[in-house]
Structure formats: structure tokens, C-alpha cells
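Letter by letter, the chains look like this.
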Amino acid sequence: GEVKGENVVRWYNTVASMVKYELIVEKKKEAKKEEKKADKKAETAAAPAAAPAAPAAAVAPLGTLSPDSDEYKSNVLLTHLTSLSITSTTSTHTAAFTSDELQQYAGSLGQHCKNIFLKDKKHGLFLVTAAHDADTNTKALAKSLGLTGANMRMAPEDLLGKHLDVKKGSVGPMCIHSDKDNTVKFVFDSTLLTCDKIFSHPGRNDWSTGMAPTDLVKFVESTGHEVTQIEFGKKGEATQKKEVKPAEEKGKKEGKQQKQKGGKQQQEPKKKGESQKKAKKEDAANTLLALQYKKKEAFAEWYSDVIVLSEMIHYYNISGCYILRPWSFKVWEKIQRWFDSKMGPLGVEPAYFPMFISKSRLEKEKDHVEGFAPEVAWVTKSGDGDLAEPIAIRPTSETIMYPAFKDWISSHRDLPLKLNQWSNVVRWEFKNPTPFLRTREFLWQEGHTAHATYEEANEMVMAALELYRGVYEDLLAIPVIRGYKTEKERFAGGYMTTTCEAYVPTSGRAIQGATSHNLGQNFGKMFEISFQDKNGKPAIPWQTSWGITTRTIGVMVMVHGDDQGLVMPPAVSPVQIVIVPIVSKKVSYETLSPYCEDMKNKLEAAGLRVQYDDRTIYNPGWKFNHWEQKGVPVRIEVGPRDFDNKACRVCYRYNGEKEDKSFDSSLAPFLSSKMESIQKSMFEKVKKERDDHLVKVTEWKDFTPNLEKGNLILTPWCGPEFQEEEEQVKEKSKAEGLERSGGEEDERCAVSVAGKTLCIPFEQPDLEEGTKCFYTGKVAKCWVLWG
């Protein structure tokens, strides 16, 4: 920005700063490489779980960075700012990684920017600068920008470094200066123009630079980037308006009008053809029941949308923790009741153990604790005082239960010991928490047993796995593949792990449904559990543990849901049938209600779960969308004509079909039978989708391409003990997948293509003698399932 002949001193300072900056960048790159190496070493030699680190340091007071300081002059963004003769101030503060932290540490400075780096496969990269409290919904943003078929996501961190030369948490609008190729498009919140001064990071998150908003626009334009201005609304504004007005106020207004006309609250008869479809869409939009995302276009966003709008989940103020609303908790209760009914015949008794574990007990089994170390949450304080020893919150219960087993087991007469508990578990996951699927606290069932022989223990393992098959296939209508885990994937500290693996067609990914472990005698040795066998000799019992979690609900949502919302399997749906009255001028609620109540009572007497939606503030279109969103298997519509003909219209959620039925003694048996056929049809539909994506591969060249197609792959394998080779397959397939996709991650998941063993299926295809492992070339011992 400086001409040598005009001002040689300023030219010299600018050039020196740029050279110094390049050296700093190179040092940072080298440091980053070393950091990655250190991280890998640390992961390889994972230490046992330890107490949490000391509390974070206190918030540093605000400071001022002088333009004459070496630090200021070495910052290329600030030197460019100076070269434009822009008046600005730069303050120092505690490093802030989010806009909320920035408000906490430096909010007193004034209006801070929220900066988001987005990527869209079709439309490229975007740097968005908006007000701290702006609603930056990516779908609305894409619409405002006129982007067709957009699916904007947070760009991965490596692209931050590549295009903006900045690390995550330090992004600011001035970073656009590093985009020399003009690859990144800049979007600016026009509401910021009303501020006197706005603050943002100059490439590092412990500094904030403030300037007039027009000067920031000038800075961006000086880099050769066009500034696209969009007016962002404030977070929560639109939602609040929609939540209050369309449902209750609109319904109440209609009710008031109808009362004024006829003295009784009435509704219009249902519309026909296109007008009825149009009215239904309008009701969906007005009541916030219409999903904002399509399942096949934006799977992750669709999932988040559907679990909230169907009233399954409510977000909590601690990341990774969620409120299970009645609609989802009732599904979990049905799984519990079904499971408990199977426990008695197996001789398994209910129990409950504390949720806290002493550090010494948790660390008793080395392999076990290393497997859970990164996820353990610790309690270190009581009131204002520190605990003498940190106490862990259970990530699993082996180390809680087995000291008690030691006290209870002394003779072969004390065996088998079979216990089951329903409880919560805390695993402090930090990676992309997702309701039901990856949460810091979740609900589960865990069974723990002790047996005199390996055979008895193994029989229990298989019996538990069969129950898990029943949960998925008989209750949730989701087919699973049962098998053994390889040694690399087995339970930490266990002898053998069996699993149920499900498949999600939309993402083309497998998901572990439930596991059942033969723990061998390892935990018995560690916790000194022993007994006298029938011959009077000391022996160590064989133990098992097995568990299933609320992940089941998430799998059900992903597998069966559609663009209208949930599709509930009748076996677990809290409501199987909803009755919706449709009133007119001739037939009022008062007339239809006894008819609908009578229908409800007779269907309930047949063992069906029925709800009569007699709410008068909502019209039928609103109710149709509401119950479709919640996935109720059957909706019964009762209108004036149905009332006159002693009939009803039956609508099916899973396929959208409708039929008219008489309201007589045949209706209840018909619907009971229909629940069974719906359950079966849902299962068969998903099984066909799964089987269509189940392929055999015998050569490496076909492996990665099939993973990219979202297939489950059966390959000949040299044996479950080859852990290093298994990891090589994962890394090689990932590298090939990224190379084939141009180095971009698949937006549906964290890793584009990384082949991982799911299980060694119990049902093995024929393996001809001499068949080679598809990867190592060694003689194959079995078929392995990958996904």
C-alpha cells in the first residue's frame, strides 16, 4: 500500500512487517505440525483417567494495544488497516473462542461481530459477519442470497487456515485480507451500519479491533472482495411471533367468529382436491409444523428439526444434555416394559447401584479405565470445599457392582447371579453432541451376571443379544445384523463382544444398536471374586454385561421418518390412533363429540392406544399436520357425512393411503390387525432398503467405491486378531475417499469414507477353501461386515 519514493520510512516499515509476518506464519505452520505429532503420541499412550485439570484462570482485565508496539506492527491485518488511514483501536483481553465468551470478556467495549465461515458444495465458501445476537439461520441466508439447491454448513478448520490463514475461534472480517484468490464471498449484516463502532478479531482471539462499520466495509473492499449486505433479524424474534400467533390466537379468533355466527363453535367442512392440499400446507406453515429441511437434502438438519417439532426433545443449557419430552420418554417406557417382561423367564432380577465411583475403584481395571478415560466426568467439590478424593460419575457400572459381587459370591450355590438395572450414565463426549445418538448423559439398561462356567455365561450373552434383536426388529421395525466384534472393537477389558448393527438408508451409514459382552474372568480377578466349585476347589466366575440405550429412539427417527415428520411403528407409538372431528354448520362439536368418544372407548377396549383430539381452538388442518408430525400410525377423521352414515375415514401415516370404514363391531378388530400389518410393512420396507445396499467385495479396488455408495460390505478377512491391518483399511479408505471427492469431507458425517468393521456376522456366507483376505492377501478365516 506504500510507494517507496513518496515515503521511504512508511514503505520500509510496511515491507519489514510483511516479511516478519511471513516468518511468523511459517513458524506457526511448523508448530502446528509438531502439535499434531504430539497429539498422536498422546492418543497412543492414553493415560488412565485422572482428576480434572485445575479451574481456568481468572478473566484478564481489558488492555490497549499501542499502534507503535512490535506486536501491532507484526500483525499484517492491522498494518493494512493503518495503510488505509482508518481510525481504529485494538484492545487485549482473555482469549475468547465463541461470540458468547467475547461478550463476557470484552462486552464493555461495544458491539461485537459474530463471524461464521460457511461452505456449500455448489456455491463455494462464505465469510458471514453479523451482529452478536443476529439469527444466522443458514437456510434463510441461502434464500436471501438467492442460492438454489444450497446446503450451507460450517466449513472445516483446514479451510480456515488455507483461505483465511486463521485458526478456529479467531475468525474476524479482516481475515478476508488473506484470501488472495478471491475464493471466499463476504456477507455483511446491514444492521451493523447503525452502530458507531463495531469490534472484531484481527486474526487472533485475544485482541479486538474496533472501527466505524463503514470503515470495515472499506477495509474489505480494499482487498478486492465485494461486500454483500443482508439484513439479519435478531435471534428468536421470528420464532416468538410464530409460536404465539398462528396456533392459539388464530384458533381462538376463528372460534370467536363462529360463536358470533351460530352461538356454537363450528368449523368449515373439509375441502376437496387441490384446495384442501393448499389449506393443509398453509396450516403447516402457520403452526410451525412444516419441517424446514428435506431428509435427503440436509439429513442432519432434518433430524434436528423433526425431533424438536415432534415434541420429542427440548434443548437444555448444558451442551450435550437434553430434555426427553413425554412423546419420546413414553417410547422408552414401552421398551422398558417389554424388556422387563423378558427378564423374569431368564432369571434376571432388578436392582439399583449408586452412580458415583471412587477413583481407586475406577482405576482398578487398567484396560477398562483406559477405554473410558476421555469420557469420565469427575466431582471434585462439595459446597465450597474440595473433596479428599475425586469421585467419578459412572460411565458404566462394572467397577461399581463388582466389589458387591465379591461380597455376595462365595459358593457355587450363589451362582448364577443375574441383575439388571435401569439408570442414567454420563460420558462427557465433546465431539458433536446429537440428541439420542451422542449425548453426555443418556438413559440405558445394563445387565450384569456371574456364572460358574464359560458356557453358561455365553448362553446369557446370546440371550441378551436376542432381546436386543427383539427391541429393534419386533418393536422398532428396524432389521439388524448380529455378530461378533473384532478384537480392535471389543469392549474395553472384555473377553468377547457381540453386537446388533442397524443401517440408516438416507446416510448410507451403519449404527451400533446394542452390545452384549462376555467379560471372561478378567474382572473377577481384578475384584477378587471367587467361589468354591462343586468339587470344593476355588474358582473365578465368568461374567457378562449387556446394555441398550436411548439411542434406539434416535435410530427409529432416522430410519422411518420422512419429510412430514416422524413415522412411528405401532408397537411403540404412545398413541396408535388419533380421532379428529370435522364440524360444519349442520353438525357441531357437541353433536360429534359423543360419537367420537364412543368410538374411542370401543377401540381402547380392544387394547388400542387412542386419543380423541377435542381441542376447539385448532382447526382440522392444524390437527392433521400436528399428528402427522408426531408420526401417529392412524388418523380417523369424522365429518358430518361420516356421522350421518355411521362411518369414518381411516388415514395411514406410513404410506399416506386412506379408506372409508363403517363404525360397527368390525372396526376395532380391523384396526388391531392393521397395526400388525403396518408394523410388518415398515420392517419389510427398511429391510429391503438395507439388503439392496449389502454387497460382497473380494478385491480392494471395489472397497472404497462401494463405501462411497453408502453400502454395507462383506469381505473375506484374515481374522479378528489383525488389529493393525484393520486400522490400515480405515486410513487407506479414508485417504482414497477424500482424494476421489477432491479432498472434501462428506457433509453427512464427520468422515467421508473410512471403512470400519461392524461385526463378524453370525450368519456367514460360504467361504471357499483358499479364499484370500481382500486386503492382506493372507488366507481368509471369515467374512467381516464393514460400513
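That block above? That's the structure.
First things first, this report covers the structure right here in the doc. (Residues numbered from 1 in each chain as written. Predicted model: local features only at pLDDT ≥ 70, side-chain atom pairs only at ≥ 80, totals over all residues. Heavy atoms only, no water.)

### Some thoughts on the overall build of the protein chain
- Tallying secondary structure elements over the protein chain gives 23 helices and 32 strands in all.
- For the protein chain, with 787 residues in total, the buried portion stands at 49%.
- Considering only residue pairs separated by 6 or more positions, the protein chain has 70% of its internal contacts joining residues 24 or more positions apart.
- As displayed, the protein chain has an accessible area near 38400 Å², and 50% of this comes from carbon and sulfur atoms. (Helix = DSSP H or I, 4+ residues; strand = E, 2+ residues; numbered from the N terminus. Buried < 20%, exposed > 50% of the residue type's maximum accessible area, 1.4 Å probe, protein only. Contact = heavy atoms within 4.5 Å. Areas by Shrake-Rupley, 256 points an atom, 1.4 Å probe, with all protein chains shown as cover.)

### A few points about the pattern of salt bridges
- What the rule picks out here adds up to 28 salt bridges.
- In this structure, the salt-bridge partner of E333 is R337, at a minimum N-O distance of 3.8 Å. Of this pair, E333 and R337 are both found in helix 11 (residues 326-343), 4 residues apart, which corresponds to roughly one turn of the helix.
- Several salt bridges converge on common partners, so that one network encompasses E466, R469, E473, D474 and R482. (Salt bridge = Lys/Arg side-chain N within 4 Å of Asp/Glu carboxyl O.)

### Regarding helix 7 (residues 213-222)
- Of the residues making up helix 7, those classed as buried are P213, L216, V217, F219 and V220. Mapping the buried residues of helix 7 onto a view down its axis gives an arc of 155 degrees, with all of them on the same face.
- Positive backbone phi, at 90 degrees, marks G224, one or two positions downstream of helix 7. (Arc of directions from axis to C-beta.)

### Digging into the environment of W717
- Structurally, W717 can be placed in strand 30 (residues 712-717).
- Taking the C-alpha atoms as reference points, W717 and Y775, separated by 58 residues in sequence, lie 7.7 Å from one another.
- Each residue touching W717, except ones within four places of it in the same chain, is listed here: F722, E725, E726, V729, C773, F774, Y775, A780, K781, C782, V784 and W786.

### Focus: the sheet that holds strand 25 (residues 610-612)
- Taken in spatial order, the 5 strands line up as 25-24-26-27-28 in an open sheet, and their pairing is mixed. Strands at the two margins of the open sheet, each flanked by one partner only, are strand 25 and strand 28 (658-662). Taking the axes of each pair of neighbouring strands and ignoring which way they run, one obtains an average angle of 25 degrees across the sheet.
- Sheet strands touched by helix 18 (residues 589-605): strand 24 (577-581), strand 25, strand 26 (634-638) and strand 27 (647-652). Its angle to strand 25, the strand with the most contacts, is close to 175 degrees. (Pairing = 2+ DSSP bridges. Axes fitted to C-alpha atoms, helices over the stretch in contact; angles between N-to-C directions.)

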